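Here are the chains, one letter per residue:
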Amino acid sequence: MLKGIRNSFISTSVLYTLLGLVLIAAPGKAIRWACFLIGAVTLWYGISRIMAYRRSGMEYGRRFELFIGVALVALGAFLLVSPRFIVSIIPAALGIYILVDSVSAIKRALDMKALGFEKWWGPFISALVLSVFGAVMVLNPFGTLEALIRFVGVGFVFDGLSTLVSTILADRLYRG
């Protein structure tokens, strides 16, 4: 029993480490593969919803099935055809949010200055740094996402290696 658990932990650790190394080495390909898989599953699910509508005898009350099916087929096809566009929306949208938030933070810091707060410059500088991050995310969304994917990859490698080391040490301790 314990040997099976140990082997499970070791194989999972190795897989996490390998996945992390792939994400670090080729984040662009990992993103494209993820989009391809999500697009294919979405397309398949949309087709199954349309077929469910057709099997139901195309009843008026079931038209929502048809609508959802067509929307999912369109989204799935779009993900398959244009994955970079879809992927770039996420960091760009987050970048816009950060920019808007940082502009209001800059205004709050300037209001603090006008009210006589001595350390108004701390929030001001952090808001400026945030605005730069937001601008980078808007201007280079795919590069930003690749950096994020690499960061996730580092997390997977760390998790995999630390679990592997812990499992090996625990096994040696148990064996005495």
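Below or above, wherever it landed, is the structure these notes cover.

## What to know about the packing of aromatic side chains
Logical step 1: All told, the structure shown has 4 aromatic pairs when counted by the stated rule.
Logical step 2: Ring geometry for Y16 versus F156: centroids 5.3 Å apart, planes at 85 degrees, classification edge-to-face. Here Y16 is found in helix α1 (residues 2–25), whereas its partner F156 is found in helix α6 (residues 141–175), with 140 residues between them in sequence.

## A look at the packing of helix α4 (residues 83–114) against helix α5 (residues 121–139)
Logical step 1: Put simply, α4 and α5 touch, their axes get as near as 7 Å, and they point 160 degrees apart. In terms of orientation, α4 lies roughly antiparallel with respect to α5. For the pair α4 and α5, the sense of crossing is left-handed.
Logical step 2: For the contact of α4 with α5, the class distribution of residues is 19 nonpolar, 4 polar and no charged.

## Details of the pattern of salt bridges
Logical step 1: Scanning all chains against the criterion turns up 2 salt bridges.
Logical step 2: Where R49 meets E65, a salt bridge forms, and the shortest distance between an N and an O atom there is 2.8 Å. Taken together, the residues R49 in helix α2 (residues 27–55) and E65 in helix α3 (residues 63–81) connect sequence positions 16 residues apart. Taken individually, R49 and E65 each receive the classification buried, so the pair is uniform in this respect.
Logical step 3: Note that K107 is salt-bridged to D111, the shortest N-O span being 3.0 Å. Here K107 pairs with D111, and both are found in helix α4, just 4 residues apart, close to one helical turn.
Logical step 4: For D111, a relative accessible area of 34% gives the class partly exposed.

## Focus on the side chain of T42
Logical step 1: For T42, the position within the fold is in helix α2.
Logical step 2: Within the structure, T42 has its side chain in polar contact with the backbone oxygen of I38 (distance 2.7 Å).
Logical step 3: Setting aside chain neighbours within four positions, we find T42 in contact with L72, L75, G76 and L79.

Rules of the game
- Residues numbered from 1 in each chain as written.
- Predicted model: local features only at pLDDT ≥ 70, side-chain atom pairs only at ≥ 80, totals over all residues.
- Heavy atoms only, no water.
- Phe/Tyr/Trp six-rings, centres within 6.5 Å; stacked < 30°, edge-to-face > 60°.
- Helix = DSSP H or I, 4+ residues; strand = E, 2+ residues; numbered from the N terminus.
- Axes fitted to C-alpha atoms, helices over the stretch in contact; angles between N-to-C directions.
- Parallel < 35°, antiparallel > 145°, perpendicular 65-115°, else oblique.
- Left-handed = near helix turned anticlockwise from the far one by under 90°.
- Nonpolar A, V, L, I, M, F, W, Y, C, P; charged D, E, K, R; others polar.
- Salt bridge = Lys/Arg side-chain N within 4 Å of Asp/Glu carboxyl O.
- Buried < 20%, exposed > 50% of the residue type's maximum accessible area, 1.4 Å probe, protein only.
- Polar contact = N/O pair within 3.5 Å; in protein donor to acceptor, adjacent residues only side chain to side chain.
- Contact = heavy atoms within 4.5 Å.

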